[in-house]
Amino acid sequence: GPDGLLVGGAYTPWLSSSNYLTGARIETGPPISLLLTFEKASGARYFPVTTRVPIPEGRESDLEALEGKLKARCPKARVELR
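Residues numbered from 1 in each chain as written. Predicted model: local features only at pLDDT ≥ 70, side-chain atom pairs only at ≥ 80, totals over all residues. Heavy atoms only, no water.

A. Inspection of the overall build of the chain at higher detail. In terms of helices and strands, the chain carries 1 helix and 6 strands. For the chain, the N- to C-terminal ordering of α and β elements is β-β-β-β-β-α-β. In terms of C-alpha radius of gyration, the chain reaches 13 Å, essentially the compact-globule figure of 12 Å for 82 residues. For the C-alpha atoms alone, the extent of the chain along its principal axes is close to 40 × 25 × 20 Å. Taken over 82 residues, the chain has a buried fraction of 29%. (Helix = DSSP H or I, 4+ residues; strand = E, 2+ residues; numbered from the N terminus. Rg over C-alpha atoms; globule rule 2.2 N^0.38 Å. Buried < 20%, exposed > 50% of the residue type's maximum accessible area, 1.4 Å probe, protein only.)

B. Highlighting the nonpolar core. In this structure, Trp-14, Leu-21, Ala-24, Leu-34, Leu-36, Leu-70 and Leu-81 are the most contacted members of the largest nonpolar core, which totals 15 residues. Residue assignment for this core shows that the elements contributing at least two residues are β3 (19–27), β4 (33–42) and α1 (62–73). Ranked by the residues each element gives to this core, the list is headed by β4, at 3 residues. Leu-21 has contacts with Trp-14, Leu-36, Thr-37, Phe-38, Leu-70, Cys-74 and Ala-77, leaving out every residue within four places of it along the chain. (Core = buried A, V, L, I, M, F, W, Y, C linked by side-chain atoms within 4.5 Å. Contact = heavy atoms within 4.5 Å.)

C. Here's a closer look at the environment of Thr-50. Within the secondary structure layout, Thr-50 lies in strand β5 (residues 45–54). Remark: the alpha-carbon pair of Thr-50 and Thr-12, spanning 38 residues in sequence, is separated by 11 Å. If we ignore the near neighbours within four places in the chain, the residues touching Thr-50 are Leu-35, Leu-36 and Thr-37.

D. Highlighting the pairing of β5. Taken together, the 10 bridges between β4 and β5 define a ladder with antiparallel strand orientation. What sits directly across from Thr-37, in β5, is Thr-50. Hairpin connection between β4 and β5: a loop of 2 residues separates the two successive antiparallel strands, and Gly-43 in this loop has a positive phi of roughly 70°. (Pairing = 2+ DSSP bridges.)

E. Representation of the side chain of Glu-39 in the model. Summarising the element assignment, Glu-39 is placed in strand β4. Comment: no salt bridge for buried Glu-39; closest opposite-charge side chain is Arg-45, at 10 Å. The residues contacting Glu-39, other than those within four sequence positions of it, are Ser-18, Asn-19, Tyr-20, Thr-22, Tyr-46, Phe-47 and Pro-48. (Lys, Arg positive; Asp, Glu negative; His and termini not counted. Salt bridge = Lys/Arg side-chain N within 4 Å of Asp/Glu carboxyl O.)

Structure, rendered in structure tokens:
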């Protein structure tokens, strides 16, 4: 969605005071997966968390649009989905 990601029943916002997207890339299959790296706050410390999202077969073409949206929403993140 425009504000975050729902995976496995857990919602993660792209940007918040305690969480922000730092990177997105593709892991080739099978299955092809989207790897999203977030920095999450725990008290005064931040730590990286990677979320793996399998891409359904036939939906690989959606990655180009997602790349543009993520770059616009999170301009400091390293987003490479091609």
